[in-house]
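The lines below spell out each chain.
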Amino acid sequence: MSQIINTPQVHLIGEVKGAYGFETDRLFCKFNVRVGHNWTLLSGKDAGETYEEIKEETEEYIIWDHPFDIHYKAKTIRGWPKFFVEVWQIDSEGRYSISGYGIATVPFTPGQHKMQIKCWRPRPQGFWKRVASRILGIQPELQFKDMLLSSAERFGFEAETTGTVEIDVGVIVKDFQLHGVELYTEI
């Protein structure tokens, strides 16, 4: 315990609230929080999966309300936490396919925040693959998901927008100012 005294820390408490804008009505979300190699998870689970929600025809919003409570310590500010989400859909035949990928950086300022993560998926390449995508529900998936973390690797990548995931997160920061890091200014 003495090693974390005066060590910069970030505590994230909140929930993956839900999603909207997706075409299908049966969805679930896999999520994880990615940090740099100079960050250490002190408590909580930095990955999870919501349950499958079936949206009513009259609703536009999928509700998951999946809680998380994650506590990190940091040696540097580089590698600040980012939420990485994968939204999966289930068709009427019970087949699973990707509905969207998304990534967003956790806000630097302490307090309660509503993150809206725009999601996308790879666009089927070629006429016949697009037809198969529509008829069979087969969507292309990323083989190497780490490419999402680098915008340079996504350059020229054909994708289509699919929907938005909402995350409510409370950010608590501790002891950054002791190391000369000012994350926010008080008004």
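Up top you'll find the structure we're talking about.
Treat the numbers as computed from the prediction; the structure is a model and nothing was measured. (Residues numbered from 1 in each chain as written. Predicted model: local features only at pLDDT ≥ 70, side-chain atom pairs only at ≥ 80, totals over all residues. Heavy atoms only, no water.)

Caption draft 1: Unusual backbone geometry, seen in detail. Its identity as a non-glycine residue notwithstanding, Asp65 has a phi of 50 degrees, on the positive side. Counting through the fold element by element, Asp65 comes out in strand β6 (residues 61–74). With a relative accessible area of 35%, Asp65 lands in the partly exposed category. (Helix = DSSP H or I, 4+ residues; strand = E, 2+ residues; numbered from the N terminus. Buried < 20%, exposed > 50% of the residue type's maximum accessible area, 1.4 Å probe, protein only.)

Caption draft 2: Layout of the pattern of salt bridges. Applying the stated rule across the entire model yields 9 salt bridges. Between Lys17 and Asp65 there is a salt bridge; the shortest N-O distance is 3.1 Å. Of this pair, Lys17 sits in strand β1 (residues 9–20) while Asp65 sits in strand β6, and the two are 48 residues apart along the sequence. As a salt-bridge pair, Asp91 and Arg95 come within 2.6 Å of each other at their nearest N and O atoms. Taking relative accessible area as the criterion, Arg95 reaches 40% and is therefore assigned partly exposed. One connected set of salt bridges, linked through shared partners, spans Glu15, Lys17 and Asp65. (Salt bridge = Lys/Arg side-chain N within 4 Å of Asp/Glu carboxyl O.)

Caption draft 3: Up close: the nonpolar core. If you look at the biggest cluster of nonpolar residues, it comprises 30 residues, and the most contacted ones within it are Leu12, Trp64, Phe83, Val165 and Ile167. Those elements that place two or more of their residues in this core are β1, β2 (26–34), β6, β7 (82–90), β9 (111–122) and β10 (159–174). Among the elements that make up this core, the one with the highest residue count is β6 (6 residues). Sequence-distant contacts of Ile167, that is, excluding residues within four places in its chain, are made with Glu15, Val16, Lys17, Phe68, Phe83, Val85, His113, Lys114, Met115 and Ile117. Membership of the second largest hydrophobic core comes to 6 residues, among which are Phe84, Trp88, Ile98 and Tyr101. (Core = buried A, V, L, I, M, F, W, Y, C linked by side-chain atoms within 4.5 Å. Contact = heavy atoms within 4.5 Å.)

Caption draft 4: Here's a closer look at the packing of aromatic side chains. Evaluated as defined, the whole model comprises 8 aromatic pairs. Relative to Tyr72, the ring of Trp39 lies with its centre 6.1 Å away and its plane at 80 degrees, an arrangement referred to as edge-to-face. On the criterion of sequence distance, the pair formed by Trp39 in strand β3 (residues 39–43) and Tyr72 in strand β6 is long-range, its members being 33 residues apart. Under the relative-accessibility criterion, Tyr72 is labelled buried at 1%. Considering the side-chain rings of Trp80 and Phe108, the 4.6 Å spacing of their centres and the 25 degrees angle between planes classify their relative orientation as stacked. Here Trp80, found in the loop between β6 and β7, pairs with Phe108, found in the loop between β8 (96–105) and β9; they are 28 residues apart in sequence, far enough to count as distant. Taken together through their ring pairs, the aromatic side chains of Trp39, Tyr72, Trp80 and Phe108 make up a single cluster. Lying over the aromatic face of Phe84, Arg34 brings its terminal NZ or CZ to 4.9 Å of the ring centre. (Phe/Tyr/Trp six-rings, centres within 6.5 Å; stacked < 30°, edge-to-face > 60°. Lys NZ or Arg CZ within 6 Å of the ring centre and 35° of its normal.)

Caption draft 5: Looking closely at the environment of Arg123. Looking at the element boundaries, Arg123 is found in the loop between β9 and α1 (127–136). Each C-alpha atom of the pair Arg123 and Thr161 lies 9.3 Å from the other, and the pair is 38 residues apart in sequence.

Caption draft 6: The side chain of Ser99, seen in detail. Residue placement: Ser99 occurs in strand β8. Among the polar contacts listed, one links the side chain of Ser99 to the side chain of Gln89, at a separation of 3.2 Å. In contact with Ser99, not counting residues within four places along its chain, are Phe22, Leu27, Val87, Trp88, Gln89, Arg121 and Thr162. (Polar contact = N/O pair within 3.5 Å; in protein donor to acceptor, adjacent residues only side chain to side chain.)

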